[in-house]
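Residue-level structure breakdown
Each chain, letter by letter, is given below.
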Amino acid sequence: MKKYLAIIPAFLFVVSCAGTQPAGPKYSSLVQEPSAAEESETQETAYSVQLEAFSPVFLKDEISKRELNYGLLPSKPEFHFDDIIQTRYVYDVIPLVEEDRYEYYVKRFTQDIPNVFQNWLNRSNKYLYIVKDILRREGVPDELAYLPFTESGFNATAISHAGASGMWQFMKGTGKSYNLDDNFWVDERRDFEKATTAAARHLRDLYEDLGDWHLALAAYNAGMGKIIRAIRMYESRDFYTLAKYGYLKQETKDYVPKYLALRHIFCNYQEFGFETPVETPLIFDRLTVDRQVNLYVIARLTGTSYNVLKELNPELKTPITPPADSYTIRVPYGTAENLNQQIAQMPSDELLMYRIYNAKRGEHLDNIAKKYSVSLNDIKSSNGLLHTKLYNDTPIFIPVKKYHDPSLDKEFAKVLKPYNPKVHVVKKGENLSAIARKYGLGLNEIMAMNKGIKPNKIQPGQNLIVSVDYKRSDKRYVAQTTKYKKYDTAAAAKKKRHVVKSGESLWAIAQKYGTTVNAIKKSNKLSGSQILPGKVLIITD
């Protein structure tokens, strides 16, 4: 099969930038033009030959064709190989504007850092056929399939300094508006299918509101409110006119030309000296489970590695699937049926290797260890905890003795680290204000993190949470069942201005908007963490 799969990337890349506009004559002027019936018959024969040449063996079985997640080949001839040269440079919907910044980015990625683009090019081949299929179903231009080059280099697990996540770099608030959940168990902004669907709908909404794809792309980067204010301020609906003024950030001014440059390079990558991508498209089965499973166990049952499953399911934050009534995971192609049969015969403890206990803030690990007759050190090791007292509500992984594999504890501790707050042990002579300053916090912030604490009564040996950005967990994963709702741009714009209420801290505000204290400080040019009630803060995406 590897031999056939190796052909697919080249085939997909040959046609990936083909336009839909009519091409020139298909035959030399020395050859007599065929009749319509003869031409139709010739096309059908040619298409049959194409299918025979490029279909992987497993696609020739009709059942396999229907079960394949996405059609790698069209059901009807949508192009002809002799049209490609004439159409590959044509962009159908989003106009190519060749100006200074466009030229800068073409030169940068083809001459200055070509290795970066080659890496992106390789990685994009895993996802492009999936992305294009979703964009077509959502009714937006194919050309938007190249936007992840600008956002993440097609990295499904990318995280920006501002907290944007996934291939399409959704902020938490915008992702939530498009039904992308983010909790202890999953970050659906990293799900390359769900996030692509959300991005298509978001971009479609922006275009419907702004009526121009250049403006829609700029709004994807800067937010709808920013672009609307720029339009009103300069009385223009032309992106390149707005970019001449100082209101938009340089990142937004460069966003559209950078996208256009990367799109052009991709569609002409061989002419720019880039190699054909070495990565092959992701092909997989889907398996729906009605109980939690451990990806390490699934890897063993399918004869593959955890890393393969992690690549197929980048939305999973832990090796364990969420505690939902049902959850669908992607598994290597051709393994789902046998895997389903094996899982049905296995007890839950063997599938999980851990029991999961939803611990409450203030509980002690030694009590949990006694309850489950497990070593305290094993629990601390599995969960990456240094202290026995819990400082937030969180799931705790309890190793099952019969199936315990200590070598996996390090992996679990690594992925759970962001959920474990940093703790400071109070030393003799320390006071709360000094401790807060040590960790770059305000007094009100450290008090918000440690509810019930009395500043004048802290004692040596007392443990205090001093993490600025540690991630709080939701108590339970809730599967998305609500239908898609159009993004409310007015509501999104309001979220960018926050009026400080009495008793609020920067930490609490950051948690509310899914951002960080440092990001709020930077956006509002704050040198410290003290804020007064009534102050208006700008919350940036």
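Quick caveat, the model's predicted, so the values are computed rather than measured. One numbering rule holds for all chains: residues counted from 1, following each sequence as written. Side-chain atom pairs in this predicted model are given and counted only at pLDDT of 80 or more, local residue features only at pLDDT of at least 70, and totals for whole chains, interfaces and linings cover all residues. Excluding hydrogens and water, the side-chain figures rest on all heavy atoms present in the structure.

**Some details on the side chain of Asp-191**
- Positionally, Asp-191 belongs in the loop between helix 8 (172-177) and helix 9 (194-210).
- A distance of 2.7 Å separates polar atoms of two side chains, one belonging to Asp-191 and the other to Arg-330.
- Leave out the neighbours within four places in its chain, and Asp-191 touches Thr-196, Glu-315 and Arg-330. The way it works is that DSSP assigns letters per residue, a run of H or I at least four long becomes a helix, a run of E at least two long becomes a strand, and they are numbered from the N terminus. Within 3.5 Å is the distance limit for a polar contact, defined as a pair of N or O atoms, with the added protein rule that one can donate a hydrogen and the other accept it, and that residues adjacent in sequence qualify only through two side-chain atoms. Throughout, a residue-residue contact means that at least one pair of heavy atoms, one from each residue, lies within 4.5 Å.

**Thoughts on a nonpolar patch on the surface**
- To count toward a patch, a residue needs a relative accessible area above 30% and no salt bridge. Like charges then connect within 9 Å, nonpolar side chains (Val, Leu, Ile, Met, Phe, Trp, Tyr) within 5 Å. To be clear on the numbers: accessible area is Shrake-Rupley with a 1.4 Å probe, and residue cover counts the displayed protein chains and nothing else. A carboxyl oxygen of Asp or Glu within 4 Å of a side-chain nitrogen of Lys or Arg is what we treat as a salt bridge. A cluster of nonpolar side chains, namely Val-499, Val-536 and Ile-538, defines an oily patch on the protein surface of about 200 Å² accessible area.
- We classify Val-499 as partly exposed; its relative accessible area is 45%. For the exposure calls, accessible area comes from a 1.4 Å probe over protein chains only, and a residue counts as buried if that area is under 20% of its type's maximum, exposed if over 50%, partly exposed in between.

**Examining the confidence of the model for the protein chain**
- Mean pLDDT over the protein chain: 79, with 76% of residues reaching 70 or higher.
- Between residues 18-90, whose pLDDT stays under 50, and residues either more than four places distant or in other chains, the model counts 85 contacts.
- Summary of the metric used: pLDDT quantifies the predictor's per-residue confidence within the range 0 to 100. Long-range and interchain partners of residues 470-494, a stretch whose pLDDT sits below 50, account for 59 contacts in this model, where long-range means more than four residues apart.

**Some thoughts on the packing of aromatic side chains**
- Only Phe, Tyr and Trp rings are paired, with Trp represented by its six-membered ring, and only when their centres lie within 6.5 Å; those with planes under 30 degrees apart are stacked, over 60 edge-to-face, the remainder tilted. Enumeration over the complete set of coordinates arrives at 21 aromatic pairs.
- Look at Trp-185 and Phe-397: their rings are 6.0 Å apart centre to centre, the planes differ by 75 degrees, and that puts the pair in the edge-to-face class. Taken as a pair, Trp-185 in the loop between helix 8 and helix 9 and Phe-397 in strand 4 (residues 394-399) lie far apart in primary sequence, 212 residues in all. Exposure class is identical for Trp-185 and Phe-397. Each is buried.
- For the pair Tyr-296 and Tyr-306, a centre-to-centre distance of 4.2 Å together with 10 degrees between the ring planes defines the contact as stacked. In this pair, Tyr-296 sits in helix 14 (residues 295-302) while Tyr-306 sits in helix 15 (residues 306-312), placing the two residues 10 residues apart along the sequence.

**Examining the pattern of salt bridges**
- Counted under the stated rule, the structure contains 19 salt bridges.
- For Glu-315, the salt bridge identified is with Arg-330, shortest N-O distance 3.5 Å. On the criterion of sequence distance, the pair formed by Glu-315 in the loop between helix 15 and strand 2 (327-332) and Arg-330 in strand 2 is long-range, its members being 15 residues apart.
- Note that Arg-355 and Asp-349 form a salt bridge whose closest N and O atoms lie 3.0 Å from each other.
- The class of Asp-349 is partly exposed, set by a relative accessible area of 25%.
- Salt bridges here are not isolated pairs; linked through shared partners, they connect Lys-172, Asp-182, Asp-187, Arg-189 and Lys-317.

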